[in-house]
Amino acid sequence: MSESSAEAAVAAVASASEAAAGWRRATGLAGAAIGVIAAGAAAGVAIERMTVGRGMRQKARLALDSAGPYGSLRGTPGKAYADDGTELYYEVDDVDPESAPALSPRRRRLFGRKAPAPVTVVFSHGYCLSQDSWHFQRAALRGVVRTVHWDQRSHGRSARGVAQTQEGRHVDIEQLGRDLKAVIDAAAPEGPLVLVGHSMGGMTVMALADQYPELIRERVVATALVGTSSGRLGEVNFGLPVAGVNAVRRVLPGVLKALGQRAELVEKGRRATADLFAGIIKRYSFSSRDVDPAIARFAERMIEGTPIDVVAEFYPAFADHDKTEALALFTDMPVLVLAGVGDLVTPSEHSEAIADLLPESELVLVPDAGHLVMLEHPEVVTDRLADLLTRAGAVPAGATVSGYGSTSSTARRG
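Residues numbered from 1 in each chain as written. Predicted model: local features only at pLDDT ≥ 70, side-chain atom pairs only at ≥ 80, totals over all residues. Heavy atoms only, no water.

## Considering the environment of D290
Part 1 of the argument: With respect to the helices, strands and loops of the structure, D290 is situated in the loop between α12 (274–285) and α13 (293–304).
Part 2 of the argument: Sequence separation between D290 and E376 is 86 residues, and the spatial gap between their C-alpha atoms is 9.7 Å. (Helix = DSSP H or I, 4+ residues; strand = E, 2+ residues; numbered from the N terminus.)

## Let's talk about unusual backbone geometry
Part 1 of the argument: With a phi angle near 55°, S199 is a residue other than glycine that sits in the positive phi range.
Part 2 of the argument: Along the chain, S199 turns up in the loop between β5 (193–198) and α8 (200–211).
Part 3 of the argument: Even without being a glycine, R232 presents a positive backbone phi close to 65°.
Part 4 of the argument: With respect to the helices, strands and loops of the structure, R232 is situated in the loop between β6 (220–226) and α10 (242–261).
Part 5 of the argument: Of the residues examined, R232 reaches a relative accessible area of 61% and is grouped as exposed. (Buried < 20%, exposed > 50% of the residue type's maximum accessible area, 1.4 Å probe, protein only.)

## A look at the pairing of β5
Part 1 of the argument: Counting buried residues along β5, six of its six residues qualify, which places the element largely inside the surrounding structure.
Part 2 of the argument: Because side chains alternate across β5, one face comprises the buried residues L193, L195 and G197, and the other comprises V194, V196 and H198, equally buried.
Part 3 of the argument: Sheet analysis places strand β3 (residues 120–124) next to β5, joined by five bridges and oriented parallel. Looking across to β5, one finds that V122 is bridged to L195.
Part 4 of the argument: Alignment of β5 against β6, held across six bridges, turns out to be parallel. Looking across to β6, one finds that L195 is bridged to T223. (Pairing = 2+ DSSP bridges.)

## Topic: the side chain of S285
Part 1 of the argument: Within the fold, S285 resides in helix α12.
Part 2 of the argument: Here I281 takes part through its backbone oxygen, which lies 2.7 Å from a polar atom of the side chain of S285. (Polar contact = N/O pair within 3.5 Å; in protein donor to acceptor, adjacent residues only side chain to side chain.)

## Here we look at the packing of helix α7 (residues 173–187) against α8
Part 1 of the argument: At a closest axis distance of 7 Å, the pairing of α7 and α8 adopts a crossing angle of 80°. In terms of their interaxial angle, α7 and α8 are classed as roughly perpendicular. Residues I173, E174, L176, G177, R178, L180, K181 and I184 of α7 pack against M200, M203, T204, V205, A207, L208 and Q211 of α8.
Part 2 of the argument: Looking at the contact of α7 with α8, its residues break down into nine nonpolar, three polar and three charged. (Axes fitted to C-alpha atoms, helices over the stretch in contact; angles between N-to-C directions. Parallel < 35°, antiparallel > 145°, perpendicular 65-115°, else oblique. Contact = heavy atoms within 4.5 Å. Nonpolar A, V, L, I, M, F, W, Y, C, P; charged D, E, K, R; others polar.)

## Observations regarding the pattern of salt bridges
Part 1 of the argument: One pass over the structure, following the stated rule, counts 22 salt bridges.
Part 2 of the argument: The salt bridge involving R391 is made with E362; its shortest N-O contact spans 3.5 Å. Separated by 29 residues along the polypeptide, R391 in helix α17 (residues 378–391) and E362 in strand β8 (residues 362–366) bring together distant segments of the chain.
Part 3 of the argument: The buried category is assigned to E362, whose relative accessible area is 10%.
Part 4 of the argument: Among the charged side chains, a salt-bridge network with shared partners connects R74, E91, D93, D132, R138 and R142. (Salt bridge = Lys/Arg side-chain N within 4 Å of Asp/Glu carboxyl O.)

## Focus: the confidence of the model for the chain
Part 1 of the argument: The predicted model of the chain has a mean per-residue pLDDT of 79, with 65% of residues at 70 or higher.
Part 2 of the argument: Considering only residues more than four positions removed or in separate chains, one finds that residues 1–52, a stretch of pLDDT under 50, has 59 contacts. (pLDDT = per-residue confidence, 0-100.)

## Structural notes on the pairing of β3
Part 1 of the argument: The buried fraction of β3 is high, at five of five residues.
Part 2 of the argument: Bridge analysis of β3 against strand β4 (residues 146–150) gives five bridges, and the strand direction is parallel. Bridging across to β4, F123 finds its partner in H149.
Part 3 of the argument: Each parallel crossover has a hand, and for β3 linked through helix α5 (residues 135–141) to β4 it is right-handed. (Right-handed = clockwise from strand over helix to strand, strands pointing away.)

## Structural notes on the nonpolar core
Part 1 of the argument: Formed by 43 residues in total, the largest nonpolar core has its most connected members in V194, V196, F286, L338 and L389.
Part 2 of the argument: The element best represented in this core is α13, accounting for seven residues.
Part 3 of the argument: What L338 contacts, discounting residues up to four positions off in sequence, is L225, V226, G227, S351, V364, V366, V373, V380, V381 and R384.
Part 4 of the argument: If you look at the next biggest cluster of nonpolar residues, it comprises 36 residues, including V92, L180, V183 and I216. (Core = buried A, V, L, I, M, F, W, Y, C linked by side-chain atoms within 4.5 Å.)

Right, here's the structure in full:
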């Protein structure tokens with residue numbers, strides 16, 4: 001590295017440090033914890049600042065926002081109501097009866113020409129995301145099999161949780177399971193179901209099973225658990241050194257509570273340090289170095305769109321989450337367990353633990369993939385999901401997925 005480059009790097013790091021210091025001054029204790037988590041991302045942001053000016057970065061974000069099609073798919077809207085009165089937004093993509101004869105070659109390879117069985121596939125998204133996180137899988141299944149995509153309470157287009165805003169209660173995973181039941185009752189009251197959940201969405205599926213075992217036995221014909229965990233999330237180190245993760249665990253619950261109480265100030269701080277947050281989001285969402293910038297920006301928009309007080313309301317639920325025993329309800333059906341090997345949020349070891357308890361399940365570990373594996377390697381997730389639907393009878397049994405993408409070189413099955 002030349003002397004001028006070295007000086008630029010030092011200046012860039014100093015600039016990133018100054019931004020982080022400003023955040024700490026603005027938010028006190030909150031900044032200290034965020035600073036620990038941000039350390040790994042700051043260097044990458046600093047290097048970017050060496051070569052890309054602020055104005056150019058802003059123009060790039062605007063260009064990606066206007067050109068990217070991600071999250072643009074919409075279906076027939078509907079509303080369900082949780083047991084505390086929270087309004088839950090969902091969308092239905094119905095089977096297109098005219099589409100089967102005119103399927104593209106890709107869709108013929110995936111699903112064949114025959115009309116699919118009357119199965120509804122229900123997608124549950126993860127923490128700080130929305131139903132749009134399933135963009136690629138939704139696009140592949142659109143018009144071919146009936147799907148329901150919903151936004152968890154306080155996320156996406158769903159309303160803020162009534163119990164949280166009026167009673168000041170934190171969310172628990174059990175509540176999310178009941179929310180999913182309300183959505184199923186409204187959007188798919190009859191017929192077989194395939195349940196698909198990513199991260200917190202997978203935990204929601206487990207909570208549904210724990211509270212409504214008869215629904216699982218009578219109607220659920222297959223399940224996909226993507227980048228999720230059945231418990232012991234308090235042991236996750238998020239890729240931090242021991243000292244760092246211990247510090248975060250000690251202060252983060254109190255920090256998030258403080259942040260939630262100063263939401264307006266915190267949101268201003270997030271906007272002021274957008275570059276730093278973009279680096280954090282990328283580090284904890286993806287593992288590939290060459291992830292599409294439009295995809296990274298799409299994930300950034302979803303996560304940044306989650307208000308900080310919502311982040312605070314949901315966080316305590318994960319420490320208490322333990323649905324290991326509920327997994328037994330999925331033993332008599334096809335199950336896909338899939339995770340990115342580089343996932344720092346719900347490490348792939350948690351998926352392996354789920355698969356160990358479901359020995360007949362298909363375990364797929366995707367190298368060079370992080371937490372948002374369905375966006376980072378959509379072809380792998382779509383392939384395996386299409387195969388699961390075939391095994392469940394949701395699509396013609398003779399269909400093949402070998403012509404769409406390639407899993408042999410990018411994923412290994414356990």
